[in-house]
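Secondary and tertiary structure notes
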There are 2 protein chains.
Amino acid sequence: MKTKLSYAPSIRRLPSYLHIIRAFQRTGDPYISGTWIANELNLEPIQVRKDLAITGIAGKPKKGYPVEQLIAAIEHYLAWDVEQRAAIVGAGNLGSALIGYQEFRNHGLHIVAAFDNDLSKVGRSIHQVQVYGMEELKAVIEKMNITLAILTVPSPYAQSSCDAIVAAGIRAIWNFTNVKLKVPEDVLVQREDLSSGYAILSVMMRMRSKEVS
Amino acid sequence: MKTKLSYAPSIRRLPSYLHIIRAFQRTGDPYISGTWIANELNLEPIQVRKDLAITGIAGKPKKGYPVEQLIAAIEHYLAWDVEQRAAIVGAGNLGSALIGYQEFRNHGLHIVAAFDNDLSKVGRSIHQVQVYGMEELKAVIEKMNITLAILTVPSPYAQSSCDAIVAAGIRAIWNFTNVKLKVPEDVLVQREDLSSGYAILSVMMRMRSKEVS
């Protein structure tokens, strides 16, 4: 499924907005200025206004944005105000790290089960989340109302695991492998590429070394 | 340091280009078409041409891009053709996952040491990488010519660990915590926010459920 997201760069920034606005909320001030947000995140104020506008909220002249409504608008736009039940497929180091990643809870993302084909892991728990065998995928997904799979298996197992996930009825996959998965039209796949962030950092380091020399 | 990267979205995509072009290279065909790349990555052909143009390479009409030169141009632009020696600071699940992440090796990124303040981890090895105590940071970084720190400590330890990293002479930090680090002007920080990818996925899932209903 190709759901076009023309606002993708803005959507990617919304979690950072949410994070600093929530921190600001603790000051008790009912309004937050777009310029202050821009400074905190090293963005231009006009960019901040445009990014926040996609959530349907507008700031008031001189006052700024009402903090509580702003948080609610961002959470609603991101659908982070509804619970999303997810399963980790591949309970190795990365899978375990994601199960323990506290931030996800703040975003409505509940990892409720993990799957692995390593019998030494099956039956154990990782941060209170139980590890099941791959052959239990369909039964557990149905029983626990899981709607999202987070794929963290080694790359050679990526497509076969993906096929099992789709066969189990899941229609959204967050893919942490470097494999371009083949899925039916109605299955959403979001690939997470840790190399992308490193690409930015690497180019900045190269530019800096040229500035210095 | 604010090194402006106006090409950031293009740079983020370059690792995906590199990945599929390397796979294509195994076919033995000396030229690769921009349209084929576009189809593989669900991008518009014009976008592919613009993205690849930042590396200084241009395709030939009807033939496409020369595969070997294209790979070399991307790797050179990303500075992935030089070795980068890095340390993991925080040898928990996420740090361990990154040490074991094979892709990084293809990008010149060599994680050569890990640091933790947990004495039960110090002295042990993770995927052949030794874990040192935090008090050894400066000595090991100098001895091993480490120029990049990958910060994977729990958030409450983020700023103090960052201060120790900076004091040890590191000028580039890849920050996997959700803390906005305070650093001197000449230190580069790239924050990796796992929530950004989830934001995109979450919005796509919300849009789809509206289409269906």
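Keep in mind it's a predicted model, so treat the numbers as computed, not measured.

A closer look at the domain arrangement of chain A
By the assigned domains, chain A splits into domain 1 (8–77) and domain 2 (84–195). Using C-alpha coordinates to define each centre, domain 1 of chain A is positioned 32 Å away from domain 2 of chain A.

A look at the relation of the copies chain B and chain A
With an axial shift of 0.0 Å and an RMSD of 0.0 Å, the rotation relating chain B to chain A amounts to 180°. Considering both components of the superposition, the chain copies are consistent with a two-fold axis. Taking C-alpha positions as the reference, the residue of chain B nearest the rotation axis is N93 of chain B, at 2.7 Å. Of the interface residues in chain B, 100% have counterparts in chain A that sit at the interface too, so the contact is made through matching surfaces.

Notes on the sheet that holds strand β8 (residues 172–175) of chain A
Residues and elements named next belong to chain A. A sheet is described by the order of its strands in space; here seven strands give the open sequence β5-β6-β4-β3-β7-β8-β9, paired in mixed fashion. Every interior strand has two partners, whereas the edge strands, β5 (125–126) and β9 (188–191), have only one. Examined bridge by bridge, strand β7 (residues 148–151) and β8 share three bridges and lie parallel to one another. Along β8, the bridge assignment pairs A149 with I173.

Notes on the sheet that holds strand β7 (residues 148–151) of chain B
All names here are of chain B. The seven strands lie next to each other as β5-β6-β4-β3-β7-β8-β9, forming an open sheet whose pairing is mixed. Either end of the sheet is taken by a strand with one partner, and the two such strands are β5 (125–126) and β9 (188–191). Sheet analysis places strand β8 (residues 172–175) next to β9, joined by four bridges and oriented parallel. Within β9, the position partnered with N175 by the bridge is R191. Across the face of the sheet, helix α8 (residues 158–167) comes into contact with β3 (84–89), β7 and β8 while running at roughly 170° to β7.

Some details on unusual backbone geometry
Here H127 of chain A, not a glycine, exhibits a phi torsion of approximately 45°, which is positive. Along the chain, H127 of chain A turns up in the loop between β5 and β6 (129–133).

Points about helix α1 (residues 8–25) of chain B
Residue and element names in this part refer to chain B. With 18 residues, α1 extends 26 Å from end C-alpha to end C-alpha; this agrees with the ideal 26 Å at 1.5 Å per step. Maximum bend of α1: about 30°, positioned at L14, with proline P15 one to four residues after it. The set of residues buried in α1 consists of I11, R13, L14, P15, S16, Y17 and L18.

Thoughts on the pairing of strand β4 (residues 109–116) of chain A
Residue and element names in this part refer to chain A. With six of eight residues buried, β4 lies mostly within the body of the structure. In the sheet, strand β3 (residues 84–89) pairs with β4 via six bridges, with the strands oriented parallel. Paired with A87 across the strands is A113, a residue of β4. Pairing between β4 and β6: three bridges, direction parallel.

Quick word on the interface of chain B and chain A
The interface is formed by 48 residues belonging to chain B together with 48 residues belonging to chain A. Broken down by element, the side of chain B that touches chain A gets its largest block of residues, 15 residues, from helix α9 (residues 194–212) of chain B. Each residue belonging to the side of chain B that touches chain A can be placed in one class, and the counts come to 26 nonpolar, 15 polar and seven charged.

Details of the nonpolar core
By size, the foremost hydrophobic cluster in this structure holds 119 residues, and its most contacted members are A87 and I150 of chain A together with A87 and I150 of chain B. The residues touching A87 of chain B, leaving out its near neighbours within four places in the chain, are V112, A113, A114, F115, I141, I146, A149 and I150 of chain B.

Thoughts on the packing of α1 of chain B against helix α3 (residues 45–53) of chain B
Residue and element names in this part refer to chain B. Put simply, α1 and α3 touch, their axes get as near as 10 Å, and they point 100° apart. Between α1 and α3, the interaxial angle falls into the category roughly perpendicular. From α1, S10, R13 and Y17 reach across to α3, where they touch K50, D51 and L52.

Comments concerning the environment of R208 of chain B
Residue and element names in this part refer to chain B. With respect to the element layout, R208 can be found in helix α9. Given 16 C-beta atoms within 10 Å, R208 falls into the partly exposed group. As for R208 and L109, which are separated by 99 residues in sequence, their C-alpha atoms are 38 Å apart.

Rules and cut-offs
- Residues numbered from 1 in each chain as written.
- Chains lettered and ligands numbered in written order.
- Predicted model: local features only at pLDDT ≥ 70, side-chain atom pairs only at ≥ 80, totals over all residues.
- Domains from an automatic or database assignment.
- Least-squares fit on C-alpha atoms with pLDDT ≥ 70 in both.
- Contact = placed C-beta atoms within 7 Å.
- Pairing = 2+ DSSP bridges.
- Helix = DSSP H or I, 4+ residues; strand = E, 2+ residues; numbered from the N terminus.
- Axes fitted to C-alpha atoms, helices over the stretch in contact; angles between N-to-C directions.
- Expected span 1.5 Å × (residues − 1).
- Bend = angle between axes of the 7 residues up to and from the residue.
- Buried ≥ 20, exposed ≤ 12 C-beta atoms within 10 Å, placed from the backbone.
- Nonpolar A, V, L, I, M, F, W, Y, C, P; charged D, E, K, R; others polar.
- Core = buried A, V, L, I, M, F, W, Y, C linked by C-beta atoms within 7 Å.
- Parallel < 35°, antiparallel > 145°, perpendicular 65-115°, else oblique.

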